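# Architecture and fold: a report
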Amino acid sequence: MKAIERAKEHFNSLEIKKIKVPEWGIDIYAKPLNLFETKKLMKYANDDSIEMLAYVVMLKSLDEKGDNLFTIEDKPALLNDVDKDVLARVANEIMSQQDQETTKKN
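The shown structure was predicted, so the numbers you read here are calculated from the model rather than taken from an experiment.

Rules used in this analysis
Residues numbered from 1 in each chain as written. Predicted model: local features only at pLDDT ≥ 70, side-chain atom pairs only at ≥ 80, totals over all residues. Heavy atoms only, no water. Helix = DSSP H or I, 4+ residues; strand = E, 2+ residues; numbered from the N terminus. Rg over C-alpha atoms; globule rule 2.2 N^0.38 Å. Buried < 20%, exposed > 50% of the residue type's maximum accessible area, 1.4 Å probe, protein only. Contact = heavy atoms within 4.5 Å. Areas by Shrake-Rupley, 256 points an atom, 1.4 Å probe, with all protein chains shown as cover. Lys, Arg positive; Asp, Glu negative; His and termini not counted. Charge placed at Lys NZ, Arg CZ, Asp CG, Glu CD. Pairing = 2+ DSSP bridges. Salt bridge = Lys/Arg side-chain N within 4 Å of Asp/Glu carboxyl O.

### Description of the overall build of the protein chain
- The helix and strand inventory of the protein chain stands at five helices and three strands.
- From first element to last, N terminus to C terminus, the protein chain shows the α and β order α-β-β-α-α-α-α-β.
- Relative to a compact globule of 106 residues, whose C-alpha radius of gyration would be 13 Å, the protein chain shows 14 Å and is just as compact.
- For the protein chain, the residues scored as buried account for 28% of the 106 residues in total.
- Relative to all contacts within the protein chain whose residues are 6 or more apart in sequence, the contacts with residues 24 or more apart total 60%.
- Summed over all atoms, the accessible surface of the protein chain reaches about 7300 Å², with 51% contributed by carbon and sulfur.
- A distance of 8 Å separates the average location of the 17 positive side-chain charges in the protein chain from that of its 20 negative side-chain charges.

### Description of the pairing of strand β2 (residues 26-30)
- Pairing of strand β1 (residues 16-21) with β2 involves five bridges; the strand directions are antiparallel. If you follow Lys18 over to β2, its bridge partner there is Tyr29.
- What sits between β1 and β2 in their antiparallel hairpin is a turn of four residues, with Gly25 showing a positive phi close to 70°.

### Focus on the pattern of salt bridges
- Scanning the entire structure with this criterion turns up seven salt bridges.
- Note that Arg89 is salt-bridged to Glu23, the shortest N-O span being 2.7 Å. One end of the pair, Arg89, is in helix α5 (residues 84-95); the other, Glu23, is in the loop between β1 and β2, and 66 residues separate them in sequence.
- The exposure class assigned to Arg89 is partly exposed, which follows from its relative accessible area of 26%.
- On the basis of relative accessible area, Glu23 is assigned to the partly exposed category, the value being 48%.
- Residues Glu93 and Arg89 are paired through a salt bridge, measuring 3.2 Å at the closest nitrogen-oxygen approach.

Pasting the structure below:
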């Protein structure tokens, strides 16, 4: 097996994080960030690190079926109408490498 195949196999075997958000009454599932997504988020961090947190939540938050919980249309509400501490906690948990609780990929 080629090295790239082993590297891809490893990434595909990583578990999905389950993040409990009792304040919102939901669980958020998040796949690990890849380099392309990280690059995109770093661009936002250079412009506005606070706004980047909203982008992390929009980009990576999934429901239990794997569907996106948020869209770009939710950005104004995430920036203006959501508890900043909860949003920051969720975004940081999505970005962290240490899983609080995980579930196997389908």
